[in-house]
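Architecture at a glance
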Amino acid sequence: MIKSLQFKNYNSKLKSQHFQQLYTWAQFKQSTGWNPFYLEFDDLPILVLSKDLPLIGTVFQIPKGPVLSIDDYEKFSQSVQDYIRTNYKHPAILRVDPHILESQFKAPGNWQKENTSMQFSSTVLLDISDPLDPVLASFKQKTRYNIRLANKKGVEIINSKKS
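Now for a description of the structure that goes with this document. Computed from a predicted structure; not experimentally measured.

1. Here's the deal with the pairing of strand 4 (residues 57-62)
For strand 4, the buried fraction is high: six of the six residues fall into the buried class. As paired strands, strand 3 (residues 44-53) and strand 4 are joined by five bridges and run antiparallel to one another. By the bridge assignment for strand 4, leucine 49 is matched with glutamine 61. Linking two consecutive strands that pair antiparallel, namely strand 3 and strand 4, is a turn of three residues; a positive phi of about 70° is found at leucine 55 within it. Here five bridges tie strand 4 to strand 5 (residues 91-96), and the two strands are oriented parallel to one another. When the sheet's bridge partners are listed, threonine 58 is paired in strand 5 with proline 91.

2. A closer look at the packing of aromatic side chains
Summed over the entire model, instances satisfying the criterion amount to four aromatic pairs. Taken together, a centroid distance of 5.2 Å and an interplanar angle of 40° make the contact between tryptophan 25 and phenylalanine 28 tilted. On the criterion of helical spacing, the pair formed by tryptophan 25 and phenylalanine 28 is a turn pair, its members being three residues apart in helix 1 (residues 23-31). The class of phenylalanine 28 is partly exposed, set by a relative accessible area of 43%.

3. Quick look at the pattern of salt bridges
Within this structure, the stated rule accounts for one salt bridge. Taking the shortest distance from any N to any O, the salt bridge between arginine 85 and aspartate 82 comes out at 4.0 Å. Within this pair, arginine 85 and its partner aspartate 82 are both found in helix 2 (residues 72-87), separated by three residues, close to a single helical turn. By relative accessible area, which is 38% here, aspartate 82 ends up partly exposed.

4. So, helix 4 (residues 141-152)
For helix 4, spanning twelve residues, the distance from its first C-alpha to its last is 17 Å, which sits close to the expected 16 Å at 1.5 Å a residue. Glycine 154, located one to two residues past helix 4, shows a positive phi value of around 95°.

5. As for the layout of surface pockets
Considered as a void within the structure, the second largest pocket measures approximately 490 Å³ in volume. Leu132, Leu136, Ile147, Asn151 and Ile157 are, among the 14 residues lining the second largest pocket, the residues nearest its centre. Every element with two or more residues in the lining of the second largest pocket is listed here: helix 3 (132-137) and helix 4. Its residues assigned to classes, the lining of the second largest pocket comprises nine nonpolar, two polar and three charged.

Reading the values: rules and limits
- Residues numbered from 1 in each chain as written.
- Predicted model: local features only at pLDDT ≥ 70, side-chain atom pairs only at ≥ 80, totals over all residues.
- Heavy atoms only, no water.
- Buried < 20%, exposed > 50% of the residue type's maximum accessible area, 1.4 Å probe, protein only.
- Helix = DSSP H or I, 4+ residues; strand = E, 2+ residues; numbered from the N terminus.
- Pairing = 2+ DSSP bridges.
- Phe/Tyr/Trp six-rings, centres within 6.5 Å; stacked < 30°, edge-to-face > 60°.
- Salt bridge = Lys/Arg side-chain N within 4 Å of Asp/Glu carboxyl O.
- Expected span 1.5 Å × (residues − 1).
- 1 Å grid on protein atoms, 1.4 Å probe; cavity = no way out; pocket = protein on both sides within 12 Å on 5 of 7 lines; lining within 4 Å.
- Points joined across faces, edges and corners; volume = space filled by probe spheres on them.
- Nonpolar A, V, L, I, M, F, W, Y, C, P; charged D, E, K, R; others polar.

Written as structure tokens, this is what we have:
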């Protein structure tokens, strides 16, 4: 079952979710013209972004979420589609960027995998506790060049305090 929620009250439930499902991401996207709202699916709040586009209709995006089992995506996709069809006059596109490995994802029902993507195909975690030289040595030459160029241009990395 999907229902609309007040999204600012649900940050605490999203600890295991991708940062693009958090309230701060919703605020950022709102500042760029998107309308954020949360839906609830099996007690999990899910950020949905919508934007009205002239001549096309309303475009919806669910960024990097939800974290569901692959089997639950069929039920989830149908629930989201039903909610949007019921509550919006001119829905045009629903884009879901699932937070699972691309190789594991099977598009449910009438969904299609797009040929191009705005998101990375997978997320890579890099252990930066090692000394910098071996980490840089593991990168391609062009990547090392771009990192050094950014350093020359004044890009700074500031360590945040752990909370």
